[in-house]
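So you can see what is in the structure, the chains are spelled out below.
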Amino acid sequence: MKKIAKVAACAALCLSAGSVWAAGGGGIPGVRGIDHIGFTVPDINQGVAFFHDVMGCTEVMRFGPFSDDKGNFMEDLVNVDPRAVIKQIAMMRCGHGSNIELFQYSAPDQNTKMPRNSDYGGYHIAFYVKNIKAAVDKARALGLKTFMGPFALKEGPAAGESITYVLTPWGMQLELISYPKGMAYEKKGKPRLWAPGH
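So, here is what we can say about the structure in this document. The shown structure was predicted, so the numbers you read here are calculated from the model rather than taken from an experiment.

Reading guide: rules and limits
Residues numbered from 1 in each chain as written. Predicted model: local features only at pLDDT ≥ 70, side-chain atom pairs only at ≥ 80, totals over all residues. Heavy atoms only, no water. Helix = DSSP H or I, 4+ residues; strand = E, 2+ residues; numbered from the N terminus. Buried < 20%, exposed > 50% of the residue type's maximum accessible area, 1.4 Å probe, protein only. Contact = heavy atoms within 4.5 Å. Areas by Shrake-Rupley, 256 points an atom, 1.4 Å probe, with all protein chains shown as cover. Core = buried A, V, L, I, M, F, W, Y, C linked by side-chain atoms within 4.5 Å. Arc of directions from axis to C-beta. Polar contact = N/O pair within 3.5 Å; in protein donor to acceptor, adjacent residues only side chain to side chain.

1. Observations concerning the overall build of the protein chain
Helix and strand counts for the protein chain come out as four helices and eight strands. In sequence order, the protein chain lays out its α and β elements as α-β-α-β-α-β-β-β-α-β-β-β. Here the protein chain holds 198 residues, and the buried ones make up 27% of them. For the protein chain, the proportion of contacts with a sequence separation of at least 24, taken over those separated by at least 6, is 51%. For the protein chain, the accessible area works out to roughly 13,600 Å², and carbon and sulfur atoms hold 58% of it.

2. Details of the side chain of Gln104
Structurally, Gln104 can be placed in strand 4 (residues 99–106). With residues up to four places along the chain from it excluded, the contact list for Gln104 reads Val41, Pro42, Asp43, Ile44, Val85, Ile86, Lys87 and Gln88.

3. Digging into the nonpolar core
With 25 residues, the main nonpolar core has Phe39, Phe51, Ile100, Leu102, Phe127 and Leu176 as its most contacted residues. With near-sequence residues (within four places) excluded, Phe127 lies in contact with Phe51, Met55, Cys57, Cys94, Leu174, Glu175, Leu176 and Ile177.

4. Observations concerning helix 4 (residues 132–141)
Within the span of helix 4, buried status applies to Ile132, Ala135, Val136 and Ala139. One face of helix 4 carries all of its buried residues, which in axial projection span an arc of 95°. Set apart from the buried face of helix 4 by more than 90 degrees, the exposed residues are Lys133, Lys138 and Ala141. Structurally, helix 4 contributes buried residues whose contacts are with strand 7 (162–167) and strand 8 (173–178). By the N-cap criterion, in which a side-chain oxygen at the helix start approaches the backbone nitrogen of a residue two or three places on, helix 4 is capped by Asn131, the distance to Lys133 being 3.1 Å. Looking at the residues trailing helix 4, positive phi occurs at Gly143, about 85°.

Below, the structure written as structure tokens:
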């Protein structure tokens with residue numbers, strides 16, 4: 001009974017939080033879209049080389065380091081340990097999609113284990129490709145760890161897409177995805193997801 005009460009209280013709290021945001025007059029004003037996706041890599045030179053040589057991204061700039069030997073600048077700015085050091089940042093443009101931002105950090109409390117998709121904060125970055133089979137074949141020929149696929153969805157609103165997960169050399173999750181004839185949901189006239197070429 002106590003467990004049910006806790007679940008109900010949690011659900012009520014979540015609903016009330018959502019209504020508070022809605023009551024605030026809408027979301028953050030002026031949002032235009034995703035500017036970049038940032039993530040930390042063990043070695044920035046390896047990361048830049050991979051995204052350039054394998055994924056076709058272009059390096060635009062590098063900057064850093066950033067640190068604060070005595071104060072709380074790093075914690076206050078980017079929510080990391082006060083003694084964390086950003087050794088370098090690299091910004092890259094990837095085709096007709098979002099930019100990516102690579103960080104190389106050192107920190108006293110750094111966790112070097114890559115999250116899985118099932119973990120809180122788990123993530124992957126999906127790259128749209130023209131030909132999923134050719135892309136997966138090339139990834140395998142390059143020696144990258146790939147998972148099952150190409151896996152084609154044949155039912156439901158995402159029918160028409162094919163995917164395969166791939167790991168970078170340092171274990172970060174990427175997805176190769178393609179839906180050259182669109183997805184089933186598009187036929188119902190709903191808002192369309194962004195995609196290269198749309």
